[in-house]
Amino acid sequence: SSTTRRCWRRRVACSASVPGASTPARCTSTSRASWTCSPTTTSPWCGGSGATADSDGADAVHTHMTNTRLTDPEVLEARYPVRLHEFSIRRGSGGQGKHRGGDGVVRRIEFLKPLTLSILSQRRGPYPPYGLAGGQPGAIGINTLQRVTGVIEDLLGLVQTEVQPGDVLTIETPGGGGFGAVE
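Residues numbered from 1 in each chain as written. Predicted model: local features only at pLDDT ≥ 70, side-chain atom pairs only at ≥ 80, totals over all residues. Heavy atoms only, no water.

Undergrad: What am I meant to see in the nonpolar core here?
TA: Note that soluble globular proteins tend to have their nonpolar side chains buried in a common cluster. Ranked by size, the top nonpolar core spans 13 residues in total, and within it Val82, Phe111, Leu117, Ile119, Leu145 and Leu169 carry the most contacts. For this core, the secondary-structure elements that each account for two or more residues are β5 (82–90), β6 (104–111), β7 (115–120) and β11 (168–172). Ignoring anything within four residues of it in the chain, the contact list for Leu145 reads Phe111, Val151, Ile152, Glu153, Leu155, Thr161, Val163, Asp167, Val168 and Leu169. (Core = buried A, V, L, I, M, F, W, Y, C linked by side-chain atoms within 4.5 Å. Buried < 20%, exposed > 50% of the residue type's maximum accessible area, 1.4 Å probe, protein only. Helix = DSSP H or I, 4+ residues; strand = E, 2+ residues; numbered from the N terminus. Contact = heavy atoms within 4.5 Å.)

As C-alpha cells, this is what we get:
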C-alpha cells in the first residue's frame, strides 16, 4: 500500500507516493534526499444537519462529505501524540424552529509533543448556518486553543500555528439551521 507524502519545497506544494508508509506524512525540505517527516491526520469534523419541513436535523453527522468518518479515539491516541479529553454533542447549537436543527459536537484534544496545527473549518464568522421558513440559524463554530501557560486564543476558521505539550485545542462545530417558525 502507499500513502501520500505532502511536502513544502521552496514554497511550492508537492506530493509523492510513499510505498509501505503506515500513515500520511508532512515533510519539509529543499531536496528529496533530506526530507524529514512527521505524522499528519486529516479528519472531517461532524456537525449538525439542517432541519427540513418534515423533521429535525440530525446531531453530530457529516453533511459535507460522503463515505467519511472521524478517526476513532483509540486510533487517534495510538498513532498521534495527542490525548482526547472530550468528544460530545454540543447541546443547544442547533437552530430553533418548528423542527430544530441538529446539534454539532465538542472535541477537546491535548497535545503531548510540539506540533504544527493546521485547521480548515467553516461557519466560524458572521454567517451562521441559516434557518429556513422562519427557522433560526444554528450556532457558529468556535475554535479555541488554551496554551499550557493558561492563555486562551480564539482561532479563526483557517489557521496554522505551533502547539506545545500541554496545549489544548477545543473545536465546537456548528449546529444546523432550524425549519419553520416556533409555534
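Next comes the rest of the account.
Undergrad: Can you walk me through the pattern of salt bridges in this structure?
TA: Close approach of charged atoms allows side chains with opposite charge to pair. For the structure shown, the criterion picks out eight salt bridges. A salt bridge links Arg83 to Glu110; the shortest N-O distance between them is 3.3 Å. Here Glu110 lies in strand β6 and Arg83 lies in strand β5, a separation of 27 residues in the sequence. Given a relative accessible area of 39%, Arg83 falls into the partly exposed group. Given the relative accessible area of 16%, Glu110 is considered buried. (Salt bridge = Lys/Arg side-chain N within 4 Å of Asp/Glu carboxyl O.)

Undergrad: Just to check I follow, could you spell out the side chain of Ser121 for this structure?
TA: Of note, Ser121 is situated in the loop between β7 and β8 (142–146). Looking at Ser121, its side chain comes within polar contact range of the side chain of Asn143, at 3.1 Å. If near-sequence neighbours (up to four positions away) are discounted, Ser121 is found in contact with Asn143, Gly157 and Leu158. (Polar contact = N/O pair within 3.5 Å; in protein donor to acceptor, adjacent residues only side chain to side chain.)

Undergrad: Which parts of the structure should I look at to understand the sheet that holds β8?
TA: Whether parallel or antiparallel, the strands of a sheet pair through hydrogen bonds between backbone atoms. Read from one edge to the other, the open sheet built from five strands follows the order β5-β6-β11-β8-β9, with strand pairing classed as antiparallel. The open sheet has two edge strands, β5 and β9 (152–155), and neither has a second partner. The average undirected angle you get between the axes of adjacent strands in this sheet is 15°. With four bridges joining them, β8 and β9 adopt antiparallel strand pairing. Of the residues in β9, the one forming a bridge with Thr144 is Asp154. (Pairing = 2+ DSSP bridges. Axes fitted to C-alpha atoms, helices over the stretch in contact; angles between N-to-C directions.)

Undergrad: Even after reading the chapter, I still don't get unusual backbone geometry, so can you show me in this structure?
TA: Note on backbone geometry: most residues besides glycine have negative phi, and most peptide bonds are trans. A positive phi angle, near 50°, is found at Ala60, a position not held by glycine. Within the fold, Ala60 resides in the loop between β4 (36–39) and α1 (73–79). According to the relative accessible area criterion, Ala60 is partly exposed, its value standing at 27%. Non-glycine residue Ala133 carries a positive phi angle of around 55°. The residue Ala133 is located in the loop between β7 and β8 in this model. For Ala133, a relative accessible area of 56% translates into the label exposed.

On their own, these measurements won't tell you what the molecule is for.
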